[in-house]
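# Per-entry structural report
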Amino acid sequence: MQALDWPEQAIIETERFVLRAPRLSDVGLLAHYSGDKRVACETRSIPHPLPPGVTEAFVKRALKSDRAEDVWVIDGAAVEGGERGQEVLGVVSLTRMDRNQSQLGYWVAPPCWNTGVASEAVQALVAANPLGNDTLFAEVFQDNPASARVLTNAGFEYVGDSETFSVARNASVSTWTYSRKMR
């Protein structure tokens with residue numbers, strides 16, 4: 001196995017978990033949850049069924065120093081008494097765009113749905129603003145209003161409707177786009 005770059009990446013703490021860089025030891029749980037059709041179908045890029053090696057390649061890309069996307073694992077075991085005793089509760093990410101902007105993405109493991117984990121993770125990442133962005137963007141599928149509430153609870157404002165391709169659905173999906181000025 002080729003040696004990985006171990007970049008400096010902010011560790012962000014909340015009351016219930018820590019946002020940290022992914023590790024190769026996370027691959028099993030990340031694959032387990034992202035391979036769940038309910039998770040994959042709410043994302044653009046996670047295929048379903050999940051082919052072998054996809055999650056390991058995702059983690060290796062996330063660990064490179066020249067990455068375009070910074071990924072944080074929502075780690076419930078890193079805090080004393082951790083959330084549900086689980087190490088991987090989900091993922092939040094920032095994909096760099098031009099003009100000091102990033103696109104926010106996230107997914108949460110189904111056992112953590114409707115527990116506030118997504119809202120807490122997104123709010124913590126926004127408050128930390130680890131890339132020093134001027135603006136953050138995010139999009140959610142219109143058939144997932146709970147995900148839209150996560151964004152509005154974190155101070156994002158509705159920008160407009162669009163559509164994007166979902167690999168798991170093998171179709172274009174209507175989206176709501178949101179933005180948040182950081183400065």
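See the structure printed just above.
The structure presented is a predicted model; accordingly, all values stated were derived computationally and were not measured.

Calculation notes
- Residues numbered from 1 in each chain as written.
- Predicted model: local features only at pLDDT ≥ 70, side-chain atom pairs only at ≥ 80, totals over all residues.
- Heavy atoms only, no water.
- Buried < 20%, exposed > 50% of the residue type's maximum accessible area, 1.4 Å probe, protein only.
- Helix = DSSP H or I, 4+ residues; strand = E, 2+ residues; numbered from the N terminus.
- Pairing = 2+ DSSP bridges.
- Arc of directions from axis to C-beta.
- Phe/Tyr/Trp six-rings, centres within 6.5 Å; stacked < 30°, edge-to-face > 60°.

Once that is clear, we can look at the pairing of strand β4 (residues 90-96). Most of β4 is tucked away: five of the seven residues are buried. Across six bridges, the pairing between strand β3 (residues 69-75) and β4 is antiparallel. Among the inter-strand pairings, Glu69 is bridged to a residue of β4, identified as Thr95. Examined bridge by bridge, β4 and strand β5 (residues 101-108) share seven bridges and lie antiparallel to one another. If you follow Gly90 over to β5, its bridge partner there is Val108. From the end of β4 to the start of β5, which pair antiparallel, there are four residues, and Arg99 there has a positive phi angle of about 55 degrees.

Every buried residue of helix α1 (residues 27-34) is listed here: Val27, Leu30, Tyr33 and Ser34. Burial along α1 is one-sided: seen end-on, the buried residues are contained in an arc of 140 degrees. In α1, the exposed residues that point more than 90 degrees away from the buried face are Gly28 and His32.

On to the sheet that holds strand β6 (residues 135-141). Across the sheet, which stays open at both edges, the eight strands sit in the order β1-β2-β3-β4-β5-β6-β8-β7 with mixed pairing between neighbours. The sheet is open, and its two edges are formed by β1 (12-13) and β7 (157-166), each paired on a single side. Two strands pair when backbone bridges link them, and β7 and strand β8 (residues 171-181) are joined in this way by nine bridges, in the antiparallel orientation. Bridge pairing links Ser162 to Thr175 in β8.

All right, on to the packing of aromatic side chains then. On inspection of all chains with the given rule, the structure shows one aromatic pair. Taking 5.9 Å as the distance between ring centres and 75 degrees as the angle between the ring planes, the aromatic pair formed by Tyr158 and Tyr178 counts as edge-to-face. Placement of Tyr158 in strand β7 and of Tyr178 in strand β8 is noted, with a sequence separation of 20 residues between them.

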